[in-house]
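This is what each chain is made of:
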Amino acid sequence: MADTARETIQVFHSDASGVPDYSITLTCTYGREGDQWVGICTELGTSAFAETLEQTRVELQEAVQLQLNEVERLADVRDYLAENGILIVSLNPGEASGFAVAAGSRLEYIGT
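Throughout what follows, the structure given in this document is the object of discussion. Worth saying up front: this structure is predicted, and the values here are computed from it rather than measured.

**Considering the pattern of salt bridges**
Next up, step 1: Considering all chains together, one arrives at 3 salt bridges under this definition.
Next up, step 2: Residues E7 and R57 are paired through a salt bridge, measuring 2.8 Å at the closest nitrogen-oxygen approach. Note that E7 is positioned in strand β1 (residues 4–15) and R57 in helix α1 (residues 53–74), a separation of 50 residues in sequence. The residues E7 and R57 share a single accessibility class, namely buried.
Next up, step 3: For E54, the salt bridge goes to R57, with nearest N and O atoms at 2.9 Å. Highlighted residues: E54 and R57, both in helix α1, separated by 3 residues, approximately one helical turn.

Written as structure tokens, this is what we have:
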């Protein structure tokens, strides 16, 4: 197994009725540090760590989701995304209600 990996995750935002209204794509990189894996979302600077790569992926996706939902609660999340260079892809106009990471992200091993 490689000691570094990268994946892109697609994150959907849903309006108040639960209908996805836009999506964003984020890059996550993973690497071993000692006896644990560390993951970082490149665009947001969010990080997580765990004993296995799969646990780290889950922890990082949860951390990204929590971070985005908290930013939305406190400020204009679209401004925050723009400030971090994240492209918003509109799907369906509507009222904001929260973020969720889409299933099926593809993990790519990039090192040895």
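That covers the picture; the talk isn't over yet.
**Quick notes on the environment of S90**
Next up, step 1: Turning to its location among the elements, S90 is positioned in strand β5 (residues 89–90).
Next up, step 2: Spatially, the C-alpha atoms of S90 and D21 are 6.0 Å apart, while their sequence positions differ by 69 residues.
Next up, step 3: Contacts of S90, omitting those with residues within four sequence positions, involve D21 and Y22.

**Quick notes on the side chain of T46**
Next up, step 1: Here T46 lies in the loop between β3 (36–41) and β4 (47–50).
Next up, step 2: Residues in contact with T46, not counting those within four places in the same chain, are G39, I40, C41, L60, A63, V64 and Q67.

**Things to note about the pairing of β1**
Next up, step 1: Strand direction decides the pairing type here: β1 and strand β2 (residues 20–33), joined by 11 bridges, are antiparallel. Paired with Q10 across the two strands is T25, which belongs to β2.
Next up, step 2: Hairpin connection of β1 to β2: 4 residues between the antiparallel strands, including G18 at a positive phi of 90°.

Thresholds, definitions, all that
Residues numbered from 1 in each chain as written. Predicted model: local features only at pLDDT ≥ 70, side-chain atom pairs only at ≥ 80, totals over all residues. Heavy atoms only, no water. Salt bridge = Lys/Arg side-chain N within 4 Å of Asp/Glu carboxyl O. Helix = DSSP H or I, 4+ residues; strand = E, 2+ residues; numbered from the N terminus. Buried < 20%, exposed > 50% of the residue type's maximum accessible area, 1.4 Å probe, protein only. Contact = heavy atoms within 4.5 Å. Pairing = 2+ DSSP bridges.

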